[in-house]
Amino acid sequence: MTTTFITGANKSLGYETARRLVEAGHTVLVGARDPERGQAAADALGTRFVQIDVTDDASVAAAAADIEAREGSIDVLINNAGVFGPHLPAEQLTAADASEVFGINVVGIVRVTHAFLPLLRKSAHPVIVNVSSGMGSFAATHDPGRVEGRNLAPIYTASKAAVTMLTTQYAKSWPDVKVNAADPGYTATDFNGHRGPQTVTEGTDAIVELATIGADGPTGTFRDRHGAVAW
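All values reported here derive from a predicted model rather than from experimental measurement.

J.: What is the right way to look at the pairing of strand 3 (residues 48–51) in this model?
T.: Two faces belong to every sheet, and in a regular strand the side chains alternate between them. Pairing of strand 2 (residues 27–32) with strand 3 involves four bridges; the strand directions are parallel. Directly across from Ala 32, in strand 3, lies its bridge partner Gln 51. Assessed by its sense of winding, the connection that carries the chain from strand 2 through helix 2 (residues 35–45) to strand 3 is right-handed.

J.: I tried to follow the nonpolar core on my own but got confused; where do I start?
T.: Soluble globular proteins tend to pack their nonpolar side chains together in the buried interior. Counting 28 residues, the largest nonpolar core has Phe 5, Ile 67, Ile 74, Leu 77 and Phe 116 as its most contacted members. Looking at this core, the elements that each hand over two or more residues are helix 3 (57–70), helix 5 (107–120) and helix 7 (154–173). Not counting chain neighbours up to four residues away, the residues in contact with Ile 74 comprise Thr 3, Phe 5, Leu 29, Ile 67, Phe 116, Leu 119, Leu 120 and Ser 123. Leu 45, Val 129, Val 131 and Val 208 belong to the second-largest nonpolar core, a separate cluster that totals 23 residues.

J.: Quick question: what am I supposed to make of the packing of aromatic side chains here?
T.: One pass over the full model with this rule turns up three aromatic pairs. An angle of 15° between the planes, with centres 4.3 Å apart, marks the rings of Tyr 170 and Trp 174 as stacked. For the pair shown, Tyr 170 and Trp 174 are each scored as buried.

What counts and what doesn't
- Residues numbered from 1 in each chain as written.
- Predicted model: local features only at pLDDT ≥ 70, side-chain atom pairs only at ≥ 80, totals over all residues.
- Heavy atoms only, no water.
- Pairing = 2+ DSSP bridges.
- Helix = DSSP H or I, 4+ residues; strand = E, 2+ residues; numbered from the N terminus.
- Right-handed = clockwise from strand over helix to strand, strands pointing away.
- Core = buried A, V, L, I, M, F, W, Y, C linked by side-chain atoms within 4.5 Å.
- Buried < 20%, exposed > 50% of the residue type's maximum accessible area, 1.4 Å probe, protein only.
- Contact = heavy atoms within 4.5 Å.
- Phe/Tyr/Trp six-rings, centres within 6.5 Å; stacked < 30°, edge-to-face > 60°.

What follows is the structure, encoded as structure tokens:
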């Protein structure tokens, strides 16, 4: 049975991804920073909760040690935890704002991936899915016909561009691991006040697809529910 660990899985895209992968037969481990919310989500899904704060070395190490002791290994790591950051004009954004967003969205992925890579390498077919965004695509943000091209979010977009580049570099570095990035698309979540036209299920299509690829699946790609994303 495939064992999958998802960070930021107590709500929205992470929760729906967990629900769908449980339905697909995965053993899902729900990762979340808040113990109460994380446990409630795990209870509702019939899965196990693992507390993790992706900004904290000790927390991430403890989560990896807990899973190693209980499950022994994982087959799929989904780096979903992320924040949008403050909704402010560009001139009001500060270095502290950037540090917070990059610390979670980018450095958090590096921290978690580094800690969990040894557990992934115990799998016959290890897979990593990094949840990125079309907001980090140069092509999409320069297209005025797309929603990504009509919204300004300097720090968030820069962080997601970094996530996609990190994904491709990891994929090239580790031929034995399938590493891909998913763009959920403009989905109704807390990030946008539930204004997105896609349902949360539609928003998880690419994540679930990449989490369930076989040994001959792609690596180093950036996909949404319709296919490859220009970036």
